[in-house]
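One letter stands for each residue in the lines below.
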Amino acid sequence: MGSDDICRRCHERETVVVSRKEHFCEKCFLRFIRSKQRKQMKDEKFKVKYGKDEDRIKEETPKIMIPLRFTTSSLVLLDILLNWLDEQLSMSPRAHIGFDLVVLAMNSFQSLSWTTEKVSQLEEKYGGAKEMQRLHVSMEIVDLDEMVRKNTQIREVYLRNYTSFCAKGLQKVGSLHEMVGQITDKSLQEDFLLVLEEDVIVKRCIANRCSCLVFSDSMSELAVSVLGLTARGRGEKISEKLGGDMVKETSIESLYPLRDVLGTEVKRYAELCDLTSFVVPRESKGKSVKNKTINELVEEYFESVEPEYPEVVSTVVKAGSKLTRKTCVSDPLRCSLCDGIIPEDPGEWLENRTVTDGIPAETDEERANYQKYILSVTEKPSTEAEMYKMPSGESDIILEKALIELQKVEKEQQEIDKKVQKYRVQLTKPLFAERRKAIRQIPKFWYIVLAQHEDFQEYIQTEDMKYLEFIKDLYVEKMADEKGPNEDPKTFALTFTFESPNKEIDSQTVTKYFYTEVNPDTGYESIKSHDAKIEWPKEFDDINPNLIKKSRKDHKWTHEKKKNYRVGMKSFFAFFSWTGLKDNKEFRYGEQLAEMFSEDIFPLAVEYYTLAAPGIGKDGEDEESDSSSEELDIDSDEDDDEDYKKPASKKQKIHQ
């Protein structure tokens, strides 16, 4: 089996997915995608809860709603959330669910019987009604046809408004399908259904007393929305779509947990988890550009660039998420359907809005990209199939202008972000310094924090944990390198101080410096580092990579030394020699650990300690009388490598 056939994460199992130029086995890929969702829902309110006060816990547990449209992304997000809830309950006998989940099943294109059957099959797949009850999951089925048929208010509002602003002479209808059937323009059909569905979702969210809506749009789907809204002249709606703010005129928070996941990754996840049979069949788009909606054209564009240039997708979403809605001195006239601003003089607005000349290229990169674009649209396609793959010239111009506009916004926003980061570092530096003094007085503080942190344990060996008891101090200093303080907020120094009275490990202070680097081929920014010298525990001499390399005779490897070397490179202590410059030849999770320490473990250390330490519950409440012997599990999963046991999401017993 070649090196390209082995997972780049675990270096053990066979590759089944290649994404973002990285090779994943099935287990590592699923964990990678789920980590993206956890990052977007890292707020404390969604995490597992502990305690004996059932009333208090119930009051603190939020209720969230996920609209299940039976698209691939909605099924994937549901699977991830159910997996997370199951993990929360399995963490400890004292664990309580982090959130209640309401699944709103709805579909505009299938019958009620089809939706009901799929919901029943999904419940069976995930363990049946009892398992759903254990996970605090409830299912609700919405029949949009029936709602329109029975609710005269919905029918009158949408039909009247649509007739007023979009079309004339619609006939009286009794169902949603009949209503949509009278709209001849596919883009208008798409708009109308989207507005209606969102309105129904918000109403059901309020009726179920949910405080949060989690939408399943992937990064690719959000990118389509950004350019689609831009092409329609509704750029002000982008901030509402991606801003993560409250749903208009409600206290409901909106989240997009899959906003960092590509569309191709969503599809692969669905295949690996056997979810494709639940996906609603899609209508064939056809080849003619005239019969396609704006979103379908943009979607085809992203499908063509995503495999080789995924950074294009992420750039569009990042730029779109930084846009803010324009504020108006007076309340403007708004569309009753989509809430978009209606200009006082539509003719003048349209004339000023329409740009016949392209935005001139300003940099060498923009000029080079423009030349590539000109060549791509002037070359004659060799086959009929290639001809249909090419977007229309008008669509290309719209996309080009939108991308250049977003690129400019992105550059300006990056400068603003840099200033904000520097200001934040300056404000928090004295606070972290004061906290550092207090933490040094608490026995085994950092050991308790690291033992509590599930993701950290995924990246080290179980045998490492007993030496982490001797971490007396852990500190992250932002805007620092080997020469001292600097002005770059993306550089930082990570310092560990070990103190071991019985010499289990040498008492020492080790500082490791990190910086960022942009790959010129992919455009991705990644964390790099410099080698930091550390004295390994004597017990690890047999697997210490530095000692093994020195002990080789004639620079030859024996089978045993190779095996021990690979095991040693998986130890936490190998992290200190990681640079990010030697692919597959050093500690495998260096970048993940660096970011975890900088952005999660260090700033949130007190929260992790409070969650893990006995007797430090809210309001001074003792969580359990026997909590001092409660196990925080970090037992190992079974693994093919007998010498290396990878810790699962369990915790180690903490002795105080």
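Up top is the structure.
Since this is a predicted model, take the numbers as computed values, not measurements. (Residues numbered from 1 in each chain as written. Predicted model: local features only at pLDDT ≥ 70, side-chain atom pairs only at ≥ 80, totals over all residues. Heavy atoms only, no water.)

**Looking at the overall build of the protein chain**
Within the protein chain, the secondary structure is distributed over 25 helices and 13 strands. The buried share of the protein chain, reckoned over its 656 residues, is 46%. Summarising the internal contacts of the protein chain: among those between residues at least 6 apart in sequence, 66% fall at separations of at least 24. Here the protein chain displays about 35100 Å² of accessible surface, and carbon together with sulfur accounts for 49% of that area. (Helix = DSSP H or I, 4+ residues; strand = E, 2+ residues; numbered from the N terminus. Buried < 20%, exposed > 50% of the residue type's maximum accessible area, 1.4 Å probe, protein only. Contact = heavy atoms within 4.5 Å. Areas by Shrake-Rupley, 256 points an atom, 1.4 Å probe, with all protein chains shown as cover.)

**Section: the pattern of salt bridges**
Summed over all chains, the structure comprises 24 salt bridges. Of the charged contacts in the structure, one is a salt bridge between Glu197 and Arg69, with a shortest N-O distance of 2.9 Å. Pair noted here: Glu197 is in helix α9 (residues 186-207) and Arg69 is in the loop between β3 (63-68) and α3 (72-90), with a separation of 128 residues, a long-range link. Take Glu197 and Arg69: they sit in the same class, and that class is buried. For the salt bridge of Glu271 with Arg268, the shortest nitrogen-to-oxygen distance reads 3.0 Å. With a gap of three residues between them, Glu271 and Arg268 both fall in helix α12 (residues 263-272), about one helical turn apart. By relative accessible area, Glu271 is classed as partly exposed at 42%. Connected through shared salt-bridge partners, Asp86, Glu131 and Arg134 make up one network. (Salt bridge = Lys/Arg side-chain N within 4 Å of Asp/Glu carboxyl O.)

**A short note on the sheet that holds strand β4 (residues 100-106)**
Taken together, the five strands give an open sheet; going across it, the order is β5-β4-β3-β6-β7, and neighbouring strands pair in parallel fashion. For this open sheet the edge positions go to β5 (137-142) and β7 (253-255), each flanked by a neighbour on one side alone. Neighbour-to-neighbour, the strand axes of this sheet turn through a mean angle of 25°, independent of strand direction. Pairing between β3 and strand β6 (residues 212-214): two bridges, direction parallel. In the sheet register, Met65 faces β6, and the bridge partner there is Leu213. Against the sheet, helix α4 (residues 112-125) contacts β3, β4 and β5, and its axis sits at roughly 165° relative to β5. (Pairing = 2+ DSSP bridges. Axes fitted to C-alpha atoms, helices over the stretch in contact; angles between N-to-C directions.)

**Remarks on the packing of helix α10 (residues 219-232) against helix α13 (residues 294-305)**
At a minimum axis separation of 9 Å, α10 and α13 run at an interaxial angle of 135°. In terms of orientation, α10 lies oblique with respect to α13. You can see that α10 and α13 cross each other, and the crossing is right-handed. On the side of α10, the interface is formed by Ala223, Val224, Leu227, Gly228, Ala231 and Arg232, while α13 contributes Ile294, Asn295, Val298, Glu299 and Phe302. (Parallel < 35°, antiparallel > 145°, perpendicular 65-115°, else oblique. Left-handed = near helix turned anticlockwise from the far one by under 90°.)

**Section: the packing of α10 against helix α14 (residues 310-321)**
As a packed pair, α10 and α14 sit with axes 9 Å apart at the nearest point and diverge in direction by 60°. Taken together, the axis directions place α10 and α14 in an arrangement best described as oblique. For the pair α10 and α14, the crossing hand works out as left-handed. Facing α10, whose interface residues are Met219, Ser220, Leu222, Ala223, Val226 and Leu227, α14 presents Val313, Ser314, Val316, Val317 and Gly320. Residues that form the contact of α10 with α14 fall into these classes: eight nonpolar, three polar and no charged. (Nonpolar A, V, L, I, M, F, W, Y, C, P; charged D, E, K, R; others polar.)

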